[in-house]
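If you want the building blocks of each chain, they are given just below.
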Amino acid sequence: MKYDVAVVGGGPAGLSAAQAAAGAGCKVALFEREDSIAQYIRTSGVTWISEMRDLAIPAEYYNPVRNYCFISPHNEVTLTSEQPDCCVLDVRRAYQYLGTIAAAAGAEIRVRSNVINIKLNRSSGERYIRIKSLYGEEDVQSTIIIDASGFTAEIGRKLGFLNAWTRYGAGAEYECYCDDLDTETWYLMVGSMYSSAGYAWIFPVNRNRVRIGVGVGRPDTIEDPIKKLNHIIENRLKPLDRIKNIQTLEFHYGLIPNQGLVKSFVDDGIMLVGDSAGFSNPLLLEGIRYAIRFGRLAGEVAASSIPYNGSKEHLMKYESTCKRILSSKISSALRVQSRWLKLSDKEWDQELDIISDLKKDEFLDFIRADFSRSKMLKLGLSHPKIIARSLFRLVT
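Residues numbered from 1 in each chain as written. Predicted model: local features only at pLDDT ≥ 70, side-chain atom pairs only at ≥ 80, totals over all residues. Heavy atoms only, no water.

Engineer: So, the pattern of salt bridges: which residues are in play, and what are the values?
Structural biologist: A full pass over the atoms with the stated rule returns 26 salt bridges. In this structure, the salt-bridge partner of E34 is R42, at a minimum N-O distance of 3.3 Å. By relative accessible area, E34 is classed as buried at 16%. A salt bridge links R130 to E137; the nearest nitrogen and oxygen atoms lie 3.0 Å apart. The class for R130 is partly exposed, based on a relative accessible area of 27%. Among the residues examined, E137 registers a relative accessible area of 44% and is labelled partly exposed. One salt-bridge network, held together by shared partners, links R92, E175, R209, R211 and E250. (Salt bridge = Lys/Arg side-chain N within 4 Å of Asp/Glu carboxyl O. Buried < 20%, exposed > 50% of the residue type's maximum accessible area, 1.4 Å probe, protein only.)

And the structure:
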């Protein structure tokens, strides 16, 4: 079987790339290793309403949030927006929606399909991936292969784009039933009682469903996020003591790269997108918005390069655009994260005082890693709260 574009991985990046390429008239196949799209959830689902609207994700697939509560061992700060800015995705429904529109655009979606090898013939320009599926094993020829396999970066690693990630986040999460939840408030909990190198979270999905999780940074700690999560729930550490009748319904576990963009993520006939290319915000370790946005860009650029046999020269438009938009933001966020990973419990209490001095828009730009250099430089020099200036100077 021969395709214009073969996409490896059925997460938001892969589905978005498949939709865009198929919508541009390409013959597209997407190969997902699990039995269904979004069979396993590997993300907390936090993202931003403005970007979901820009990406035409219907509001029925996310819960709006306008109160942002930070808790440290001896401090608590809540910032509030008049209108919701953040949201928590119903991840499974949202991903299956992306699958539906990819299929409607003409993409062929094949589940339970594992990539076991890739073969590139440099002289002829032919490219193949070997797939093992419920139909057996077969070689699939494609002009362009898009690696959207996530943390594993199956194609990228086989071809030497990257080795094992040296810095990454590991997150464990329960999705729970609870009684009469405040759906407009999410919580981030910091300090050693919650995570020795990371944070814990409470993200509302709807009035009776909440995600409670713990993330840790590797190699900064060897702490087991599952054990930490169980300890927090069993002991009802604050603010869990405010939530009634917590009952676990699902368990989620995921890994996310946390070291910035891959140095290069295109070659002749090859593109990496989403987690495979290191597209994540280090402050919240979220990247769904990047996966959808740049997945679509990857599909569009792939489609436009088919007449040129997917040459690297024509695919570089994708890489250069991604780097122009993301590189400085992610690099700045990594500097802030480096500071946060070193904080003691007492220092975290003080850090929350700094956060409390931020205006709502300043806070949102900061936590989203939406750093405008000119804006951050101005705040670093002239913010009315002297103690806040050092935080903004980190990102300039």
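Engineer: Could you give me a rundown of the sheet that holds strand β16 (residues 244-257), with the residues and numbers involved?
Structural biologist: The 7 strands lie next to each other as β6-β5-β13-β14-β15-β12-β16, forming an open sheet whose pairing is mixed. Both outer strands of the open sheet, β6 (75-80) and β16, are each paired with one neighbouring strand and no more. Here the strands of the sheet are splayed against their neighbours by 20° on average, with no regard to which way each runs. In terms of strand pairing, strand β14 (residues 198-206) meets strand β15 (residues 209-218) through 8 bridges, oriented antiparallel. Opposite P204, over in β15, you have V210 as the bridge partner. Helix α5 (residues 225-234) contacts β12 (168-179), β14, β15 and β16 of the sheet and is inclined by roughly 140° relative to β15. Lying over the sheet, helix α9 (residues 360-367) contacts β5 (67-72), β6 and β13 (185-189), oriented at roughly 70° with respect to β5. (Pairing = 2+ DSSP bridges. Helix = DSSP H or I, 4+ residues; strand = E, 2+ residues; numbered from the N terminus. Axes fitted to C-alpha atoms, helices over the stretch in contact; angles between N-to-C directions. Contact = heavy atoms within 4.5 Å.)

Engineer: Just give me the short version of the confidence of the model for the protein, but keep the residues and values in it.
Structural biologist: Overall, the prediction assigns the protein a mean pLDDT of 93, with 93% of residues at 70 or greater. Every residue in residues 392-396 is under pLDDT 50, and counting partners more than four places away or in other chains gives 21 contacts. (pLDDT = per-residue confidence, 0-100.)

Engineer: Provide a residue-level description of the state of the cysteines, including the pertinent values.
Structural biologist: Enumeration according to the criterion identifies 0 disulfides in this entry. Here C26 is not cross-linked by a disulfide; its sulfur's nearest cysteine counterpart is in C322, at 18 Å. Of the cysteine sulfurs around C178, a residue in no disulfide, the closest is that of C176, at 7.7 Å. (Disulfide = S-S within 2.5 Å.)

Engineer: If you had to explain the packing of helix α6 (residues 288-305) against helix α7 (residues 312-341) to someone new, which residues and values would you point to?
Structural biologist: In the contact formed by α6 and α7, the axes pass within 8 Å of each other and the chain directions differ by 155°. Taken together, the axes of α6 and α7 lie roughly antiparallel to each other. Between α6 and α7 lies a crossing of right-handed hand. Taking contact as the criterion, the partners of Y290, R293, F294, L297, A298, V301, A302 and S305 in α6 are, on α7, H314, L315, K317, Y318, T321, C322, I325 and L326. Considering only residue class, the contact of α6 with α7 consists of 11 nonpolar, 3 polar and 2 charged. (Parallel < 35°, antiparallel > 145°, perpendicular 65-115°, else oblique. Left-handed = near helix turned anticlockwise from the far one by under 90°. Nonpolar A, V, L, I, M, F, W, Y, C, P; charged D, E, K, R; others polar.)

Engineer: Kindly report on the packing of aromatic side chains, identifying the contributing residues and their values.
Structural biologist: Inspection of the entire model under this criterion finds 17 aromatic pairs. Centre to centre, the rings of F265 and F279 are 5.4 Å apart; their planes meet at 80°, and the pair counts as edge-to-face. Here F265 is found in the loop between β16 and β17 (266-267), whereas its partner F279 is found in the loop between β18 (270-272) and α6, with 14 residues between them in sequence. When the ring centre of Y3 is taken as reference, the NZ or CZ atom of K27 above it lies at 5.2 Å. (Phe/Tyr/Trp six-rings, centres within 6.5 Å; stacked < 30°, edge-to-face > 60°. Lys NZ or Arg CZ within 6 Å of the ring centre and 35° of its normal.)

Engineer: Quick one: what's the story with the environment of A164, residue by residue and with numbers?
Structural biologist: One can find A164 in the loop between α4 (154-158) and β12. Residues A164 and A153, spaced 11 residues apart in sequence, show a C-alpha to C-alpha distance of 9.3 Å.

Engineer: Requested: an account of the pairing of β14, with residues and values cited.
Structural biologist: Extensive coverage of β14 is indicated by the burial of 7 of its 9 residues. Across 3 bridges, the pairing between β13 and β14 is antiparallel. The partner of M189 across the bridge, within β14, is A200. Hairpin geometry of β14 and β15 is characterised by an intervening segment of 2 residues between the two adjacent antiparallel strands.

Engineer: Talk me through the nonpolar core; I want residue IDs and the actual numbers.
Structural biologist: Within the largest apolar cluster, 77 residues are counted, with the highest numbers of intra-cluster contacts made by V5, I129, M271, F279, F294 and Y318. Top element by residues in this core is α6. It accounts for 10 residues. Excluding its chain neighbours within four sequence positions, the residues that come into contact with V5 are A21, C26, K27, V28, A29, S142, I144, I146, A302 and I306. Within the second largest apolar cluster, 31 residues are counted, among which are L79, A333, V336 and L364. (Core = buried A, V, L, I, M, F, W, Y, C linked by side-chain atoms within 4.5 Å.)

Engineer: Tell me about the packing of helix α1 (residues 12-23) against α6, and please be specific about residues and values.
Structural biologist: What describes two packed helices is the angle between their axes and the distance between those same axes. Remark: α1 packs on α6, axes separated minimally by 7 Å, with the N-to-C direction vectors making an angle of 35°. The crossing of α1 and α6 is right-handed. In this structure, α1 uses P12, A13, S16, A17, Q19, A20 and A21 to contact α6, whose residues at the interface are A291, I292, G295, R296, G299, E300 and A303. Considered class by class, the residues forming the contact of α1 with α6 number 8 nonpolar, 4 polar and 2 charged.

Engineer: Could you give an account of the side chain of N67, naming the residues involved and the relevant values?
Structural biologist: On the secondary structure map, N67 appears in strand β5. Polar contacts involving the side chain of N67 include one to the side chain of T185, which spans 3.1 Å. Non-local contacts of N67, meaning those with residues more than four positions away in its chain, are made with T78, L79, T80, D182, E184, T185 and W186. (Polar contact = N/O pair within 3.5 Å; in protein donor to acceptor, adjacent residues only side chain to side chain.)

Engineer: Explain α7 residue by residue, including any values.
Structural biologist: Under the 1.5 Å per step criterion, the end-to-end length of α7 is only 38 Å for 30 residues, more than 12% shorter than the ideal 44 Å. Where α7 bends most, at L326, the angle is about 40°. (Expected span 1.5 Å × (residues − 1). Bend = angle between axes of the 7 residues up to and from the residue.)

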